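# Structural features, examined
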Amino acid sequence: MAFEQAPLPYDPGALEPHGMSAKTFEYHYGKHHAAYVTNLNNLTKDTELADKSLEEVIQISFKDSAKAGIFNNAAQVWNHTFSGAASLPMEVGYLQVIWRLRSIAI
Ligand SMILES: [Fe+2]
């Protein structure tokens, strides 16, 4: 069974009043987040991890250097799914922090 990207629980334009355009959010969800899911499926295809839950894959691959790529992609899928499933106010706060940190870093 392949890992699937959780649906976005709100409209991509919901964060526009907080400085993130629907286009940017759609790119993050549709390209960035989706890439982690695709990579995880490619890395676990035909392995014993393919039928595990996402959380099991994270636990099994944690601190296993041979599975570092699997761990990174699985953890990022979980991270993005969790932040996407969080309540909108929490998501707004989280994204505002990320947005500001990126502004500082660039
Ligand atoms: Fe991201």
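Keep in mind that this is a model prediction, so the values were computed, not measured.

## Focus on the overall build of the protein chain
Each helix and strand counted, the protein chain has four helices and zero strands in total. Traced from its N-terminal end to its C-terminal end, the protein chain shows the element sequence α-α-α-α. Classification of the 106 residues of the protein chain by burial places 13% in the buried group. A separation threshold of at least 6 residues defines the contact pool for the protein chain, and within that pool the share at least 24 residues apart is 59%.

## Regarding helix α1 (residues 22–44)
In this model α1 runs 32 Å from its N-terminal to its C-terminal C-alpha over 23 residues, within 8% of the 33 Å that 1.5 Å per residue would give. Largest kink in α1: about 30 degrees, centred on Ala-34. Considered for burial, the residues of α1 that qualify are His-33, Tyr-36, Val-37, Leu-40 and Thr-44. Just beyond α1, the residue with positive phi is Asp-46, at close to 60 degrees.

## Topic: the nonpolar core
Phe-3, Tyr-36, Val-37, Leu-40, Val-57, Ile-70, Phe-71, Ala-74 and Val-77 form the largest nonpolar core, which has nine residues in total. Those elements that place two or more of their residues in this core are α1 and α3 (68–85). A total of four residues in this core trace back to one element, the largest contributor, which is α3.

## Re the confidence of the model for the protein chain
Mean pLDDT for the protein chain: 84, with 78% of residues reaching 70 or above. For the protein chain, the element scoring lowest by mean pLDDT is helix α4 (residues 88–105), at 59; helix α2 (residues 54–61) scores highest, at 96.

## So, unusual backbone geometry
In terms of backbone geometry, most residues other than glycine have negative phi values and most peptide bonds are trans. Despite not being glycine, Asp-46 has its phi angle at roughly 60 degrees, a positive value. The residue Asp-46 is located in the loop between α1 and α2 in this model. Positive phi, close to 60 degrees, is recorded for Lys-63, a residue that is not glycine. Mapped onto the fold, Lys-63 is located in the loop between α2 and α3. Look at Lys-63 and you get exposed, because 7 C-beta atoms sit within 10 Å.

Cut-offs applied
- Residues numbered from 1 in each chain as written.
- Predicted model: local features only at pLDDT ≥ 70, side-chain atom pairs only at ≥ 80, totals over all residues.
- Helix = DSSP H or I, 4+ residues; strand = E, 2+ residues; numbered from the N terminus.
- Buried ≥ 20, exposed ≤ 12 C-beta atoms within 10 Å, placed from the backbone.
- Contact = placed C-beta atoms within 7 Å.
- Expected span 1.5 Å × (residues − 1).
- Bend = angle between axes of the 7 residues up to and from the residue.
- Core = buried A, V, L, I, M, F, W, Y, C linked by C-beta atoms within 7 Å.
- pLDDT = per-residue confidence, 0-100.

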